[in-house]
Amino acid sequence: MALDLNLLPVFLAVAEQGSFTAASVRLGMPSSNVSRAIKQLETQTGCRLIERTTRRMRLTVQGQQLFQRVRQTDEMLRETLSQIRDADALTGSFRLTVPGEGGGEILAGIIARFAVAHPELQIRCDTRLTPADIISDDIDLLLTYQRGGMADSSYHSRLIQSWPSVVVAAPSLLARTGIPESPSDLTKLPCISSLSALNGQPWIFCKPDGSLFSLRINSHYQVNGAILAGAAAIEGVGFAILSRHLCEPAIREGKLQVIRFSEEPASIELRAVYASRRELSPVIDRFLHFLDISLQNSN
């Protein structure tokens, strides 16, 4: 049986409003017509979409799946129509997540300027240290720090910017342990590891031929983020991997010493992550272009 697409806006209104009555008010049609449309849609899809009782209604598993897809399609269609009407204006909503540490100083001004440029766009920006499921958490775009690439291939990612990393240690620690000659020596030495930042990834190094390998260390000191790791490294708690630009002042002042190996630590990357789609939504596409230009101008 062919699906009547005119029924989908009715289903979307019911799902968003949480009741047939509220949906009928929003749509400007009798509630009996709303109920009839939902029954027709369930017949055409061959499954129950909404469970109804005398007191409440809720979406079934199939209804929730349909709701998520119909809402995404509706938002993308509205964005596209907005683009057609006005090539410069963006409307609708844009939900993004940025890293909790480092994201503020790098991205805050850029996101604010993007908001000023598109006053009709509703922007919701959240900060987190760890990546999230960008679909179930209802996020359009995730900006996250990574080393070594994305583990989940169901997402698309775009490299925004990368920073070289170095292994560092305080002179006081090196006086006790000596200078390690290879990354494998670090498995026997005190190290500072990530608790949840970078998704709890192990230390990743790059071989001279460009291939990557992981090094799992035994750490008694785990932290969230580079600021805590840098402070602990300066105090001699352990060896740490930090982006070079963050610890450059401590290196110049002699508080930290760079440990050099033939295998370099993998660079830390700022990546934009989004659900797999044939084409980016106009909002995401415009924002990523704006982000690229802004970061280029700031370098």
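Quick note: structure is the one above.
All values reported here derive from a predicted model rather than from experimental measurement.

A. The arrangement of the overall build of the protein in detail. When helices and strands are counted, the protein shows nine helices and 15 strands. Put simply, of all contacts in the protein between residues at least 6 apart along the chain, 73% involve residues at least 24 apart. Carbon together with sulfur atoms contributes 50% to the accessible area of the protein, which is approximately 16100 Å² in total.

B. Molecular detail of the environment of Leu7. Along the chain, the position of Leu7 falls in the segment before α1 (8-17). Leu7 gets classed as buried once you look at its relative accessible area, which sits at 6%. Along the backbone, Leu7 and Gln40 are 33 residues apart, and their C-alpha atoms lie at a distance of 7.9 Å. Ignoring sequence-local partners within four residues, the contact set of Leu7 consists of Ala37, Gln40, Leu41 and Gln44.

C. The sheet that holds strand β10 (residues 212-215), seen in detail. Taken together, three strands build an open sheet; the order of strands is β10-β9-β14 and the sheet is antiparallel. Bordering the open sheet on either side are β10 and β14 (264-265), each of which pairs with just one other strand. Taken together, the two bridges between strand β9 (residues 203-206) and β14 define a ladder with antiparallel strand orientation. Residue pairing for β14: Cys206 is matched across the bridge by Glu264.

D. Representation of the pattern of salt bridges. Considering all chains together, one arrives at seven salt bridges under this definition. Among the ionic pairs, Glu248 bridges to Arg244, the shortest N-O distance being 2.7 Å. Here Glu248 pairs with Arg244, and both are found in helix α8 (residues 244-252), just four residues apart, close to one helical turn. Under the relative-accessibility criterion, Arg244 is labelled partly exposed at 24%.

E. Fine view of the packing of aromatic side chains. This model, assessed by the stated rule, comprises seven aromatic pairs. Plain terms: the ring middles of Tyr145 and Trp163 are 6.1 Å apart, the flat faces sit at 70 degrees to each other, and that makes the pair edge-to-face. Here the residue Tyr145 occupies a position in strand β5 (residues 141-146), and Trp163 occupies one in strand β6 (residues 155-163), the gap between them amounting to 18 residues. The residues Tyr145 and Trp163 share a single accessibility class, namely buried. Grouping aromatic residues by their ring pairs yields a cluster made of Phe94, Phe114, Phe287 and Phe290.

F. The sheet that holds strand β13 (residues 257-259), seen in detail. A sheet is described by the order of its strands in space; here three strands give the open sequence β12-β7-β13, paired in antiparallel fashion. In this open sheet, the two edge strands, each paired with only one partner strand, are β12 (240-243) and β13. Looking at each pair of strands side by side, their axes are set apart by 55 degrees on average, direction ignored. When strand β7 (residues 165-169) meets β13, the two strands line up antiparallel, connected through three bridges. Across the sheet, the residue bridging to Val167 is Ile259, located in β13.

G. Region of the structure containing the nonpolar core. Counting 24 residues, the largest nonpolar core has Phe94, Leu96, Leu141, Leu143, Phe287, Leu288 and Leu291 as its most contacted members. Listed by contribution, the elements that provide at least two residues to this core are β3 (92-99), α5 (103-117), β5, β6, β15 (268-275) and α9 (282-298). A per-element tally of this core places α9 first, with six residues. The contacts of Phe94, once residues within four sequence positions are left out, are Phe114, Leu121, Gln122, Ile123, Arg124, Asp140, Leu141, Val283, Ile284 and Phe287. Counting 20 residues, the second-largest nonpolar core is a separate cluster that includes Val10, Phe11, Ala15 and Ala23.

H. Broad picture of the side chain of Arg271. Inspection of the secondary structure puts Arg271 in strand β15. Residue classification places Arg271 among the buried positions, given a relative accessible area of 16%. A polar atom in the side chain of Arg271 sits 3.2 Å from the side chain of Ser157. A distance of 2.9 Å separates a polar atom in the side chain of Arg271 from a polar atom in the side chain of Glu269. Excluding residues within four positions of it along the chain, Arg271 makes contact with Leu142, Leu143, Thr144, Ser157, Arg158, Leu159 and Ile160.

I. Spatial organisation of the pairing of β12. Across the two faces of β12 the burial is the same, with Ala240 and Leu242 and Ile241 and Ser243 all buried. Inspection of the sheet shows β7 paired to β12 by four bridges, in the antiparallel sense. Across the sheet, residue Val167 finds its bridge partner in β12, namely Ile241.

Parameters and conventions
Residues numbered from 1 in each chain as written. Predicted model: local features only at pLDDT ≥ 70, side-chain atom pairs only at ≥ 80, totals over all residues. Heavy atoms only, no water. Helix = DSSP H or I, 4+ residues; strand = E, 2+ residues; numbered from the N terminus. Contact = heavy atoms within 4.5 Å. Areas by Shrake-Rupley, 256 points an atom, 1.4 Å probe, with all protein chains shown as cover. Buried < 20%, exposed > 50% of the residue type's maximum accessible area, 1.4 Å probe, protein only. Pairing = 2+ DSSP bridges. Salt bridge = Lys/Arg side-chain N within 4 Å of Asp/Glu carboxyl O. Phe/Tyr/Trp six-rings, centres within 6.5 Å; stacked < 30°, edge-to-face > 60°. Axes fitted to C-alpha atoms, helices over the stretch in contact; angles between N-to-C directions. Core = buried A, V, L, I, M, F, W, Y, C linked by side-chain atoms within 4.5 Å. Polar contact = N/O pair within 3.5 Å; in protein donor to acceptor, adjacent residues only side chain to side chain.

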